[in-house]
Amino acid sequence: MKKLSRRVALLGVGGAVGWGLSGLLRPDLPTYAGTNRLVGPSGENILDDASGLSATPIHKHLHVSDSDQALVERIRSELAEARVAKRPLNVGAARHSMGAQAIPRKGTAITFENAGIEIDSANQSFRAHAGARWLDVITTLDPKGWSPKVMQSNNDFGLAATYSVNAHGWPVPYGPMGSTVRSVRMVLPSGELVTCSPTQNVDLFNLGMGGYGLIGVVIDMEVEMVKNSRLTPTFELMDASDFTVNYKKAIEDSAVKMAYGRLNVERESFFQKALLITYRETNDQEKLPVAGGSGWMAHAASRLYRAQLGNETFKSFRWWNETRVGPTLGGGEVTRNSLINEPVITLDDRNPDRTDILHEYFVGLDAFGSFLEASREVIPASYQEFLNVTLRYVAQDDQSVLSYARVPRVAAVMSFSQELTHRGEADQARMTRELIDRIVEIGGTYYLPYRPHATIDQLKKAYPRVEEFARAKRQLDPELVLCNNFWDQYLGQL
Ligand SMILES: Cc1cc2nc3c(=O)[nH]c(=O)nc-3n(C[C@H](O)[C@H](O)[C@H](O)COP(=O)(O)OP(=O)(O)OC[C@H]3O[C@@H](n4cnc5c(N)ncnc54)[C@H](O)[C@@H]3O)c2cc1C
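Here goes a summary of the coordinates provided. (Residues numbered from 1 in each chain as written. Predicted model: local features only at pLDDT ≥ 70, side-chain atom pairs only at ≥ 80, totals over all residues.)

## Focus: the overall build of the protein
Piece 1. A count of helical and extended segments in the protein gives 15 helices and 19 strands.
Piece 2. By residue count, 53% of the 494 residues in the protein fall in the buried class.
Piece 3. Sequence separation of at least 24 residues holds for 74% of the intrachain contacts in the protein that already meet a minimum separation of 6. (Helix = DSSP H or I, 4+ residues; strand = E, 2+ residues; numbered from the N terminus. Buried ≥ 20, exposed ≤ 12 C-beta atoms within 10 Å, placed from the backbone. Contact = placed C-beta atoms within 7 Å.)

Laid out in structure tokens, this is it:
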């Protein structure tokens, strides 16, 4: 019961699929004969990501769970082999990025599996294998009373992958996860093993953070943790235009440990109302319960979420449920670890004809009004079904070269349901570009792990240091051994 409100609210940060427009226009892109339906190729030497439509030919796919020196040697040997064969190599974890950002075309794809996590309580940190998933981390930290400081809202993702996209979460008042990394050990394209941190090999550390696996292969890392705690939620319903004033107050309130917002999504009154949910520590912090997984309430919420599809009445019903019923039923106590110990599968739509597409935009707090206006003008006019938006806070990030938070930002995580057809994809690509134009115009940024619909010009505007990043990459990796679609489609064109 206690988890209902938060899980209802975060549903919609779900999986996403679709081809990029460039793929869409390719004559080799298959369709079901006589239909408009999008289908990706499949087969032994084809690798896809969570999108189900990033299918890319590869040379081989290895699952690797070696650690320490054995892992370093393995990576050196695979890099040497790839270099001789002039093939790219790329490492991934859960492959939930949605534009083949973890897939090397015709190359060596390596999936890291967890091979160990050690807690260092005295230093309030843990050292973990690069392939550890957040579920592994929570399972290790929770019994000892610790919790990840910053991670995504789901527990499936890899640790090094999280550093490599520089993901953010909803504990406040933190910046992206990279700001909680004490050090990483990575094998550079040359085979050299380096330790990088905010004080050692700083340039490499900042390139690798949000560097999409193009700088080095992360072997293991030391990451900060905080005490797990028992929290109680508060729900505040307001006009969307008042959201940032109240959100700012919540972020500045040191008693608030986690916070997020939601907006209503009915087409007629799109983004007019907001719900702010904040969590504070309770007085009783003794005997915290074990971090749970998805309960039946989360699954029930998932059904309600899906019922919104093409149904404006259900969208209103869900909003009423979240803003009126949720606070009553879901207003109880819950631990920090339970709130973040949620698998993506709970959100799965199991509909072969449609797919969820994620978008994410970052705007300054003072630009939130313009963001609402742009969203109202662009989104309801599209052909897409908009299911959910979650608002988060991201503190300024001056470390990552490809930073998406050059000032403190509100992050808007959007979930669309897209028809798996060429017309659905074309509309999605058109709408994404329109939205990016509007967001960039107001000083905002879009997030890079999702569908690769942005133009190169939009990338350059949203990430002013992207050319510097590409130059550094070419210097470090002149033979372009560490590559994936993010390089092929974007950075390699600069
Ligand atoms: C349902 C859902 C919810 C999400 N919620 C959030 C959220 O709350 N906040 C947020 O910020 N993002 C969120 N995301 C985006 C998510 O953080 C990224 O898609 C992330 O990449 C997922 O991790 P992964 O293990 O699937 O990474 P992968 O897709 O496997 O890899 C991502 C990148 O990391 C690189 N990489 C992986 N391992 C290594 C390594 N060992 N060394 C070097 N590079 C490596 C890869 O090359 C690739 O470029 C969400 C995505 C989904 C689908």
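The discussion continues.
## A closer look at the site of the ligand
Piece 1. Around the ligand, a shell composed of 37 residues is seen, among which Ala93, His96, Ala161, Ala167 and Gly213 lie nearest.
Piece 2. Contributions of two or more residues to the shell around the ligand are made by β4 (89-92), α5 (159-165) and β11 (217-227).
Piece 3. Sorting elements by how many residues they give to the shell around the ligand places α5 first, with 4 residues.
Piece 4. Classifying every residue of the shell around the ligand by side-chain character gives 19 nonpolar, 16 polar and 2 charged.
Piece 5. Two domains each put at least three residues into the shell around the ligand: domain 1 (4-15 + 230-459) and domain 2 (112-227 + 462-493). (Near = placed C-beta within 6 Å. Nonpolar A, V, L, I, M, F, W, Y, C, P; charged D, E, K, R; others polar. Domains from an automatic or database assignment.)

## Looking at the environment of Asn114
Piece 1. Tracing the backbone shows Asn114 in the loop between β5 (108-112) and β6 (117-120).
Piece 2. Taking the number of C-beta atoms within 10 Å as the measure of exposure, Asn114 has 20 and is therefore buried.
Piece 3. Between the C-alpha atom of Asn114 and that of Val64, which follows or precedes it by 50 residues, the distance is 8.8 Å.
Piece 4. Ignoring any residue separated from it by four or fewer positions in sequence, one finds Asn114 in contact with His129, Gly131, Ala132, Arg133 and Asp136.

## Considerations on the packing of helix α11 (residues 368-378) against helix α12 (residues 422-441)
Piece 1. Between α11 and α12, the least distance of the axes is 10 Å, while the angle of their chain directions is 160°. Between α11 and α12, the interaxial angle falls into the category roughly antiparallel. The hand of the α11/α12 crossing is right-handed. On the side of α11, the interface is formed by Phe371, Ala374 and Val378, while α12 contributes Met431, Glu434, Leu435, Arg438 and Ile439.
Piece 2. For the contact of α11 with α12, the per-class residue count stands at 6 nonpolar, no polar and 2 charged. (Axes fitted to C-alpha atoms, helices over the stretch in contact; angles between N-to-C directions. Parallel < 35°, antiparallel > 145°, perpendicular 65-115°, else oblique. Left-handed = near helix turned anticlockwise from the far one by under 90°.)

## Considering the sheet that holds strand β12 (residues 230-239)
Piece 1. Reading across the sheet, the 8 strands line up as β15-β12-β14-β13-β17-β18-β16-β19 and stay open at both edges, with antiparallel pairing between neighbours. The open sheet has two edge strands, β15 (334-335) and β19 (445-446), and neither has a second partner.
Piece 2. Looking at chain direction, β12 and β15 are connected through 2 bridges and run antiparallel. Its bridge partner lying in β15, Leu231 is registered against Val334.
Piece 3. Seen against the sheet, helix α7 (residues 243-252) touches β12, β13 (256-263), β14 (273-281), β17 (385-394) and β18 (409-419) and runs at an angle of roughly 5° to β14. (Pairing = 2+ DSSP bridges.)

## What to know about the nonpolar core
Piece 1. By size, the foremost hydrophobic cluster in this structure holds 125 residues, and its most contacted members are Leu159, Tyr163, Val218, Met221, Phe371 and Ala412.
Piece 2. Of the residues that make up this core, three or more belong to each of domain 1 (4-15 + 230-459) and domain 2 (112-227 + 462-493).
Piece 3. The residues contacting Val218, other than those within four sequence positions of it, are Ala130, Ala160, Tyr163, Val184 and Met186. (Core = buried A, V, L, I, M, F, W, Y, C linked by C-beta atoms within 7 Å.)

## Here's the deal with the sheet that holds strand β3 (residues 60-64)
Piece 1. If you trace the 3 strands from one edge of the open sheet to the other, you get β3-β5-β4, paired in parallel fashion. Bordering the open sheet on either side are β3 and β4, each of which pairs with just one other strand. Across the sheet, the axes of successive neighbouring strands diverge by a mean angle of 20°, strand direction being ignored.
Piece 2. As defined by bridge partners, β4 adjoins β5 across 4 bridges and the pair is classed as parallel. When the sheet's bridge partners are listed, Gly92 is paired in β5 with Thr111.

## Details of the pairing of β11
Piece 1. In the sheet, strand β7 (residues 125-129) pairs with β11 via 5 bridges, with the strands oriented antiparallel. If you follow Ser125 over to β11, its bridge partner there is Glu224.
Piece 2. Judged from the 3 bridges that link them, strand β8 (residues 146-148) and β11 form a sheet pairing that is antiparallel. Residue Pro148 lies in a different strand from β11, and its bridge partner there is Met225.
Piece 3. When strand β9 (residues 181-187) meets β11, the two strands line up antiparallel, connected through 6 bridges. Bridge pairing links Val184 to Met221 in β11.

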